[in-house]
There are 2 protein chains.
Amino acid sequence: MFGRCTVEYDGRAASSLGAGNRLLILKPDGTALVHTDEQRTPVNWQPPGSEHRAAVRDGRLRVRSVRENPDERLDVRFDRVEQVSALPVTGGRSVDVYGSEEDLRHRILDEPELVEPGFEPAATERATAAGPVDVFGHDDEGRPVVVELKRRRVGPDAAGQLGRYVEALARELPDGTEVRGVLVAPSVTDRAGELLAEKGLSHVPLSPPASSTTPSGDGRGSTTAPERSTDADDGAD
Amino acid sequence: MFGRCTVEYDGRAASSLGAGNRLLILKPDGTALVHTDEQRTPVNWQPPGSEHRAAVRDGRLRVRSVRENPDERLDVRFDRVEQVSALPVTGGRSVDVYGSEEDLRHRILDEPELVEPGFEPAATERATAAGPVDVFGHDDEGRPVVVELKRRRVGPDAAGQLGRYVEALARELPDGTEVRGVLVAPSVTDRAGELLAEKGLSHVPLSPPASSTTPSGDGRGSTTAPERSTDADDGAD
DNA sequence: GTGTGCATTTCGCTC
DNA sequence: GAGCGAAGTGCACAC
């Protein structure tokens, strides 16, 4: 729908938007989007799972989208509706993206020496008290190594994350076991580099492969993104 | 635009989407959005600042959106175009949101005893080697206190963040100065709670106010979001 | 332009 | 349902 409207939102936060011509998109999965002529992010929205209802109040069209947990409400009140379209969407809804962290993991499992000579991966997503470790293994002297993967340049948060994993594992293993931490990422910011140095962690500059190294049927990566796909085409509405 | 199309993306990552009917939104600021009938997030997109171009290739309409830094390209190739609309967007483009972290900060500056009795704020966004501290002040015994604000329930990352600030400040102040850290957030997860305990940090359960406590003209918050607004209405196209 | 952190983040997955 | 972390995160602001 396109037309002159006001928008009120109340839920996790609250907001109010004065009158103007905007695009309102209502999806059958319960998503609502209000777009202006700028930005990638909608000026207001409601997540999937909401319920849309339309009614005429005071002679004006009001579209209300509500969800629970958390309780949230979006009200779009139209002065004037310029256009309404019902669009029969079909075909694939999701894409396989290449160059993800998962691709970087495959790259490292294929060639562990990219981390360092003699590195031997033992597990992916290894559980620790601080959360799952991307790749866990041992160095050429048998010392445990925690590898944290990032597909892009990282800041201090990633250094902190790796530090938490290393610390959790050191606590879990026999007293005195030295646990090493390696951050694999294309690059790190200065502050991240300092943090790594402080904590005795290291950085290996490495990017995800340009195109996926994942064999199409790759077996057990505990997290292989399934491709949702709808093949029916051209329904009418 | 709505019609049957394929979508190819290459840039920070890469993806490919088979044929199907989708909605393509092109904004004058250079944003491009490809939406299916599910999810709040577009299946493909191009950020603001990109350049859109349309051309007929092999008898089919191709819309290409390109940007630099980083180099990214989005190609949408249409089999069939079901609908094209040019929509004259007008009115406000952004909203003031209530219930943000900034509102929580105002709440605390108004009533510092919400943090703890005797707490005295000294600065907001105080710079440290680890980054800016949300609220810096002193407790009833004059000890420096780092306050980190979160508008919603937090996980281990927030505990790590606060820990970094406390550590950076302790390093910066005279040797032996004890620096306290307080995480102000509605609640914390178990793991976050453990991390806080380990690092000797504390948690004060507090939420942003239900509606903004910010006086409409609030003066010097170093980050008062300006309301961009366009008042011209109903341009035609 | 890069760095840093907030966001009604969204999203997917595991427990 | 909650927790946890990735994302082509987007986005604004400071340096």
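Values in this document were obtained by computation on a predicted structure and should not be read as measured data.

Caption draft 1: Seen up close, the protein's contact with DNA strand D. In the vicinity of DNA strand D, 31 residues are found, and the nearest of them are Arg-151 and Arg-152 of chain A together with Trp-45, Arg-153 and Thr-189 of chain B. A share of 83% of the atoms of DNA strand D within 4 Å of the protein falls on sugar and phosphate groups. In the environment of DNA strand D, a phosphate oxygen lies 3.4 Å from a nitrogen or oxygen atom belonging to the side chain of Gln-161 of chain A. Between DNA strand D and Trp-45 of chain B, the relevant distance is 2.4 Å, taken from a base nitrogen to a main-chain nitrogen or oxygen of the residue. Counting only elements with at least two residues in the surface near DNA strand D, the list comes to helix H2 (156–172) of chain A together with strand S4 (44–46) of chain B. Of the residues that constitute the surface near DNA strand D, the class distribution is nine nonpolar, ten polar and twelve charged.

Caption draft 2: Here's a closer look at the interface of chain A and chain B. Each partner contributes residues to the interface: chain A has 63 residues there, and chain B has 63 residues. Where chain A abuts chain B, roughly 5,500 Å² becomes buried across the two surfaces, and 49% of that area is made up of carbon and sulfur atoms. The largest contributions to the chain A side of the interface with chain B come from Asp-37, Arg-40 and Arg-93 of chain A, which together make up 14% of the buried area. Scanning the region where chain A abuts chain B turns up six salt bridges. Of the charged contacts, one joins Arg-171 of chain A and Glu-198 of chain B as a salt bridge, the two residues approaching to 3.4 Å between their closest N and O atoms. For the pair chain A and chain B, the number of links is 26 residue pairs in polar contact (both at pLDDT 80 or more). Taken together, the elements giving at least two residues each to the side of chain A that touches chain B come down to strand S1 (2–10), strand S2 (14–26), strand S3 (32–35), strand S4 (44–46), strand S7 (72–83), strand S8 (96–98), H2 and helix H3 (190–199) of chain A. Among the elements that line the side of chain A that touches chain B, the one with the most residues is S2 of chain A, at ten residues.

Caption draft 3: Up close: the environment of His-52 of chain A. All names here are of chain A. Relative to the helices and strands, His-52 resides in strand S5 (residues 51–57). For the pair His-52 and Pro-28, spaced 24 residues apart in sequence, the C-alpha separation works out to 8.9 Å. With sequence-adjacent residues up to four places away left out, His-52 is seen in contact with Leu-26, Lys-27, Gly-30, Thr-31, Ala-32, Arg-64 and Ser-65. At 3.3 Å, the side chain of His-52 forms a polar contact with the backbone oxygen of Gly-30. A polar atom in the side chain of His-52 sits 3.1 Å from the side chain of Ser-65.

Caption draft 4: Layout of the packing of helix H2 (residues 156–172) of chain B against helix H3 (residues 190–199) of chain B. All names here are of chain B. Where H2 contacts H3, the axes come no closer than 7 Å and their chain directions differ by 20°. Viewed along their axes, H2 and H3 adopt a mutual orientation that is roughly parallel. Crossing of H2 over H3 shows right-handed handedness. Residues Pro-156, Ala-159, Leu-162 and Gly-163 of H2 form the contact with H3, whose own contacting residues are Arg-191, Ala-192, Leu-195, Leu-196 and Lys-199. Its residues placed into classes, the contact of H2 with H3 shows six nonpolar, one polar and two charged.

Caption draft 5: Inspection of the sheet that holds strand S9 (residues 120–126) of chain A at higher detail. Residue and element names in this part refer to chain A. Here five strands make up an open sheet; going across it, the order is S9-S10-S11-S12-S13 and the pairing mixed. Two strands close off the open sheet at either side, each with one partner strand: S9 and strand S13 (202–205). Across the sheet, the axes of successive neighbouring strands diverge by a mean angle of 30°, strand direction being ignored. Sheet analysis places strand S11 (residues 144–149) next to strand S12 (residues 180–185), joined by five bridges and oriented parallel. Within S12, the position partnered with Glu-148 by the bridge is Leu-183.

Caption draft 6: Seen up close, unusual backbone geometry. That bond from Asn-69 of chain A to Pro-70 of chain A is cis: its omega, -5°, falls within 30 degrees of zero. Inspection of the secondary structure assignment puts Pro-70 of chain A in the loop between strand S6 (60–67) and S7. In this structure, Asp-58 of chain B is a non-glycine residue whose phi angle is positive, near 55°. The backbone of Glu-125 of chain B sits at a positive phi, close to 55°, despite the residue not being glycine. Given a relative accessible area of 30%, Glu-125 of chain B falls into the partly exposed group.

Caption draft 7: Local environment of the side chain of Asp-75 of chain A. For Asp-75 of chain A, the position within the fold is in strand S7. Once residues lying within four places of it in the same chain are set aside, the contact partners of Asp-75 of chain A are Thr-6, Val-7, Glu-8, Arg-62, Val-63 and Arg-64 of chain A.

Caption draft 8: Representation of the relation of the copies chain A and chain B. Placing chain A over chain B gives an RMSD of 0.1 Å and needs a rotation angle of 180°, together with 0.0 Å of translation along the axis. Both chain copies can therefore be described as sitting about a two-fold axis. The C-alpha atom lying nearest the rotation axis in chain A is that of Gly-160 of chain A; the distance is 3.2 Å. Of the residues that chain A buries at the interface, 100% are likewise interface residues in chain B, meaning the two copies contact each other through the same surface.

Caption draft 9: Summary view of the sheet that holds strand S13 (residues 202–205) of chain B. Residue and element names in this part refer to chain B. The five strands are arranged S9-S10-S11-S12-S13 in an open sheet whose pairing can be described as mixed. Edge positions in the sheet fall to strand S9 (120–126) and S13, since each has one partner strand and no second. Shown here is a sheet whose adjacent strand axes are inclined to one another by a mean of 30°, direction ignored.

Caption draft 10: Region of interest: the protein's contact with DNA strand C. Lining the immediate surroundings of DNA strand C are 30 residues, of which Arg-12, Arg-153 and Thr-189 of chain A together with Arg-151 and Arg-152 of chain B lie closest. For DNA strand C, the backbone makes up 85% of the atoms found within 4 Å of the protein, where backbone means sugar plus phosphate. Here Trp-45 of chain A contributes a side-chain N or O atom positioned 2.9 Å from a phosphate oxygen of DNA strand C. Arg-152 of chain B places a polar side-chain atom, nitrogen or oxygen, 2.6 Å from a phosphate oxygen of DNA strand C. Broken down by secondary-structure element, the contributors of at least two residues to the surface near DNA strand C are S4 of chain A together with H2 of chain B. Its residues assigned to classes, the surface near DNA strand C shows nine nonpolar, nine polar and twelve charged.

Criteria and cut-off values
- Residues numbered from 1 in each chain as written.
- Chains lettered and ligands numbered in written order.
- Predicted model: local features only at pLDDT ≥ 70, side-chain atom pairs only at ≥ 80, totals over all residues.
- Heavy atoms only, no water.
- Near = heavy atom within 4 Å.
- Polar contact = N/O pair within 3.5 Å; in protein donor to acceptor, adjacent residues only side chain to side chain.
- Helix = DSSP H or I, 4+ residues; strand = E, 2+ residues; numbered from the N terminus.
- Nonpolar A, V, L, I, M, F, W, Y, C, P; charged D, E, K, R; others polar.
- Contact = heavy atoms within 4.5 Å.
- Buried area = accessible area lost by both parts, 1.4 Å probe.
- Salt bridge = Lys/Arg side-chain N within 4 Å of Asp/Glu carboxyl O.
- Axes fitted to C-alpha atoms, helices over the stretch in contact; angles between N-to-C directions.
- Parallel < 35°, antiparallel > 145°, perpendicular 65-115°, else oblique.
- Left-handed = near helix turned anticlockwise from the far one by under 90°.
- Pairing = 2+ DSSP bridges.
- Buried < 20%, exposed > 50% of the residue type's maximum accessible area, 1.4 Å probe, protein only.
- Least-squares fit on C-alpha atoms with pLDDT ≥ 70 in both.

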